[in-house]
Amino acid sequence: IRALASRLGCTPAQVALAWLIARDVVPIPGSARVEHLLENLGALAVTLAAADLDEIDRIAPPGAAAGTRKSNWGLALTGR
């Protein structure tokens, strides 16, 4: 993702947000600092070509991050 961001002249976070936008997902990123807000807004100017989207899908195939949000240890702490 860093290499793709470098080629596109943006940050990895902007690539991630642009990928979501290209997939018709409306991201709601948190921003504790003005700099992060401006960086996030910069994702609106990032255009991902079909080849870029294919590259991202090869790097992180759909479903690769599927699973529970918490480990067994984390679930035990919450009583679940």
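Figured I'd write up the structure that's included with this text. (Residues numbered from 1 in each chain as written. Predicted model: local features only at pLDDT ≥ 70, side-chain atom pairs only at ≥ 80, totals over all residues. Heavy atoms only, no water.)

### As for the overall build of the protein chain
Then, in step 1: Secondary structure assignment for the protein chain yields five helices and zero strands.
Then, in step 2: Along the protein chain, helices and strands appear, N-terminal first, in the series α-α-α-α-α.
Then, in step 3: Compactness check: the protein chain gives a C-alpha radius of gyration of 15 Å against a globular reference of 12 Å for 80 residues, more than 25% above the reference.
Then, in step 4: Once the C-alpha set of the protein chain is aligned to its principal axes, its extents read approximately 45 × 35 × 25 Å.
Then, in step 5: By the burial criterion, 20% of the 80 residues in the protein chain qualify as buried.
Then, in step 6: When contacts within the protein chain are restricted to residue pairs at least 6 apart in sequence, those whose partners lie at least 24 apart make up 60%.
Then, in step 7: About 6,000 Å² of surface is accessible on the protein chain, with carbon and sulfur atoms providing 60% of the total.
Then, in step 8: Each charge class in the protein chain can be summarised by its mean position, and for the 8 positive and 7 negative side chains these summaries are 12 Å apart. (Helix = DSSP H or I, 4+ residues; strand = E, 2+ residues; numbered from the N terminus. Rg over C-alpha atoms; globule rule 2.2 N^0.38 Å. Buried < 20%, exposed > 50% of the residue type's maximum accessible area, 1.4 Å probe, protein only. Contact = heavy atoms within 4.5 Å. Areas by Shrake-Rupley, 256 points an atom, 1.4 Å probe, with all protein chains shown as cover. Lys, Arg positive; Asp, Glu negative; His and termini not counted. Charge placed at Lys NZ, Arg CZ, Asp CG, Glu CD.)

### Quick word on helix α2 (residues 12–22)
Then, in step 1: Buried residues of α2: Q14, V15, L17 and A18, and no others. One face of α2 carries all of its buried residues, which in axial projection span an arc of 170°.
Then, in step 2: Each element contacted by the buried residues of α2 is listed here: α1 (2–8), α3 (34–42) and α4 (50–59).
Then, in step 3: Among the residues trailing α2, D24 stands out with phi positive, at a value near 60°. (Arc of directions from axis to C-beta.)

### Observations regarding the pattern of salt bridges
Then, in step 1: For the structure on display, the rule yields two salt bridges.
Then, in step 2: A salt bridge links E55 to R7, with the shortest nitrogen-to-oxygen separation between them at 2.5 Å. Highlighted residues: E55 in helix α4 and R7 in helix α1, separated in sequence by 48 residues.
Then, in step 3: For R7, a relative accessible area of 53% corresponds to the exposed category.
Then, in step 4: The salt bridge involving D57 is made with R23; its shortest N-O contact spans 2.7 Å. With D57 in helix α4 and R23 in the loop between α2 and α3, the pair connects residues that are 34 residues apart, well separated along the chain. (Salt bridge = Lys/Arg side-chain N within 4 Å of Asp/Glu carboxyl O.)

### Details of the packing of α2 against α4
Then, in step 1: Close contact between α2 and α4 brings their axes to 11 Å; oriented N to C, the two are set at 105°. By the angle class used here, α2 and α4 are roughly perpendicular. Note on element contacts: α4 touches α2 through L53, I56 and D57, opposite V15, W19 and A22.
Then, in step 2: Looking at the contact of α2 with α4 residue by residue, the classes come out as five nonpolar, no polar and one charged. (Axes fitted to C-alpha atoms, helices over the stretch in contact; angles between N-to-C directions. Parallel < 35°, antiparallel > 145°, perpendicular 65-115°, else oblique. Nonpolar A, V, L, I, M, F, W, Y, C, P; charged D, E, K, R; others polar.)

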